[in-house]
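Listed below, chain by chain, are the residues.
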Amino acid sequence: MAALRLPALLLCFCIATLLISPSHSQTCASQTFTSNKTYANCVELPTLNAVLHWDYANTARLYNSYLSIAFLARPASPSGWIAWGINPDKPQMVGTQALLAYRKNDSGSMVVRPFNIDSKPPTFPSAPISFVVPYVSAEYDGEVMGIFATLELPKNMTSVNHVWNVGGQMSDGVPAPHAVEPENLSSVGTLDLANGTAGTANGTAGQSTSSTTDSSADEGRQGHSGGDRIGSLGFGLFVSVLVMAAGTVIWS
């Protein structure tokens, strides 16, 4: 078969399309935020292609400790929802003090609501959650939703059970139940806040990474300035790949 030559420009465009939205690939290394906010810890969660970034501040001059998180996941549909939360008692859904994000039907703007999952199925409207949340916001880039929040925790709470999930529909501010697939039913793990590590519900190690960036203890009280954004891959890597692909590709 005669060789088919594809112009290098077209190849570069295809590669650029893949790299401009790395948040869709849902890996710790590829996600940045336009506010330049960095997190000391990140874990690629074992289900639902979700990622959690977090910082933990616990010093002698703070009355309580503070957990700042960025939770990123794809909702089951564009009109769906994502949720992340902490269960103070057990690694399970019931009892979770959650934050749930979704888009308003009328404006398309993002909303985050506290969600106390006190029963199965949960009741609506839910009871207040047990944690103070001094800062919370959410964003959606057309594919991935993100919840950005700071939670005030008791000073002695250095390890937590965390739970996450996604759903496909909201109705008048009420989330439709998530799917009952195995990955939806096993979306629970643990965070060792003191050591910056993550694990599964049975305590085995999860896939986590840490950076050397220091977190500010005061940030937990004041929230994030300027807001976080679902970001893009570093420009340097983008340029490097384009240079490597600058020639003509031959399909044979």
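Residues numbered from 1 in each chain as written. Predicted model: local features only at pLDDT ≥ 70, side-chain atom pairs only at ≥ 80, totals over all residues. Heavy atoms only, no water.

Visitor: Before we go on, may I ask you to explain the nonpolar core in this structure?
Guide: Soluble globular proteins tend to pack their nonpolar side chains together in the buried interior. With 33 residues, the main nonpolar core has Leu-52, Trp-54, Ile-69, Phe-71 and Trp-84 as its most contacted residues. Counting residues per element, the ones that place at least two in this core are strand S3 (51-57), strand S4 (65-73), strand S5 (81-87), strand S6 (97-103), strand S7 (110-116), strand S9 (145-153) and strand S10 (159-167). For this core, the leading source of residues is S9, giving five residues. Setting aside chain neighbours within four positions, we find Trp-84 in contact with Leu-52, Leu-67, Ile-69, Phe-71, Ala-98, Leu-99, Ile-147, Leu-151, His-162, Val-163, Trp-164 and Leu-191. (Core = buried A, V, L, I, M, F, W, Y, C linked by side-chain atoms within 4.5 Å. Buried < 20%, exposed > 50% of the residue type's maximum accessible area, 1.4 Å probe, protein only. Helix = DSSP H or I, 4+ residues; strand = E, 2+ residues; numbered from the N terminus. Contact = heavy atoms within 4.5 Å.)

Visitor: Would you take a moment to explain the state of the cysteines for this structure?
Guide: One way to say it: the disulfide is the covalent bond shared by the sulfur atoms of two cysteines. One pass over the structure, following the stated rule, counts one disulfide. Disulfide pairing is shown between Cys-28 and Cys-42; the S-S distance is 2.0 Å. Between Cys-28 and Cys-42 the disulfide shows an S-S torsion of about -90°. By sign, it is left-handed. Within this pair, whereas Cys-28 is found in the loop between helix H1 (8-20) and strand S2 (41-44), its partner Cys-42 is found in strand S2, the two being separated by 14 residues in sequence. (Disulfide = S-S within 2.5 Å.)

Visitor: How should I be thinking about the pattern of salt bridges in this particular structure?
Guide: It is possible for side chains bearing opposite charge to pair when their charged atoms get close. Under the defined criterion, the tally for this structure stands at two salt bridges. Between Asp-55 and Lys-37 there is a salt bridge, with the nearest N and O atoms lying 2.7 Å from each other. Linking Asp-55 in strand S3 with Lys-37 in the loop between H1 and S2, this pair joins segments that are 18 residues apart in sequence. In terms of burial, Asp-55 and Lys-37 fall into one category: buried. (Salt bridge = Lys/Arg side-chain N within 4 Å of Asp/Glu carboxyl O.)

Visitor: Is there a simple way to explain the packing of aromatic side chains in this structure?
Guide: Remark: the centre distance and the inter-plane angle together describe each pair of aromatic rings, the angle taken between the planes. Taken as a whole and judged by the stated rule, the model has zero aromatic pairs. Over the ring of Tyr-39 we find Lys-37; its NZ or CZ atom is 4.6 Å from the centre of that ring. (Phe/Tyr/Trp six-rings, centres within 6.5 Å; stacked < 30°, edge-to-face > 60°. Lys NZ or Arg CZ within 6 Å of the ring centre and 35° of its normal.)

Visitor: Hey, could you run me through the environment of Thr-150 in this one?
Guide: Examined against the element boundaries, Thr-150 turns out to sit in strand S9. Among the polar contacts listed, one links the side chain of Thr-150 to the side chain of Ser-68, at a separation of 3.0 Å. (Polar contact = N/O pair within 3.5 Å; in protein donor to acceptor, adjacent residues only side chain to side chain.)

Visitor: Can you walk me through the side chain of Thr-96 in this structure?
Guide: Among the secondary structure elements, Thr-96 is positioned in the loop between S5 and S6. A polar atom in the side chain of Thr-96 sits 2.9 Å from the backbone oxygen of Gln-92. Beyond its immediate stretch of four places on either side in the chain, Thr-96 contacts Gly-85, Ile-86, Asn-87, Phe-115, Asn-116, Ile-117 and Val-163.

Visitor: Please explain the pairing of S3 as it appears in this structure.
Guide: The two faces of the sheet receive side chains in turn, since in a regular strand these alternate between them. Buried residues dominate S3, accounting for seven of its seven residues. Alternating residues of S3 divide into Val-51, His-53, Asp-55 and Ala-57 and Leu-52, Trp-54 and Tyr-56, and every residue in both groups is buried. The turn joining S2 and S3, which pair antiparallel and follow one another in sequence, is formed by six residues; a positive phi near 60° is taken by Leu-48. The pairing of S3 with S4 spans seven bridges and is classified as antiparallel. In the sheet register, Ala-57 faces S4, and the bridge partner there is Tyr-66. (Pairing = 2+ DSSP bridges.)

Visitor: Explain the sheet that holds S6 here, please?
Guide: The strands making up a sheet associate through backbone hydrogen bonding, with each pair oriented either parallel or antiparallel. Overall, antiparallel pairing links the six strands, which are arranged S7-S6-S5-S10-S13-S14 in an open sheet. Strands with a single pairing partner mark the edges of an open sheet, and in this sheet they are S7 and strand S14 (197-200). Taken over all neighbouring pairs, the strand axes of this sheet differ in orientation by 25° on average, direction set aside. With four bridges joining them, strand S13 (residues 188-192) and S14 adopt antiparallel strand pairing. By the bridge assignment, Thr-190 is partnered in S14 with Gly-199. (Axes fitted to C-alpha atoms, helices over the stretch in contact; angles between N-to-C directions.)

Visitor: Just to check I follow, could you spell out the pairing of S9 for this structure?
Guide: With respect to burial, S9 is a largely interior element, eight of its nine residues being buried. Where S4 lies against S9, nine bridges are found, and the strand directions are antiparallel. Bridge assignment links Leu-72 to a residue of S9, and that residue is Gly-146. As judged from the seven bridges shared by strand S8 (residues 132-140) and S9, these two strands associate in the antiparallel manner. The residue of S9 that forms the bridge with Val-132 is Glu-152. Here S8 folds back onto S9, and the loop between the two strands holds four residues, one of which, Gly-142, carries a positive phi near 100°.

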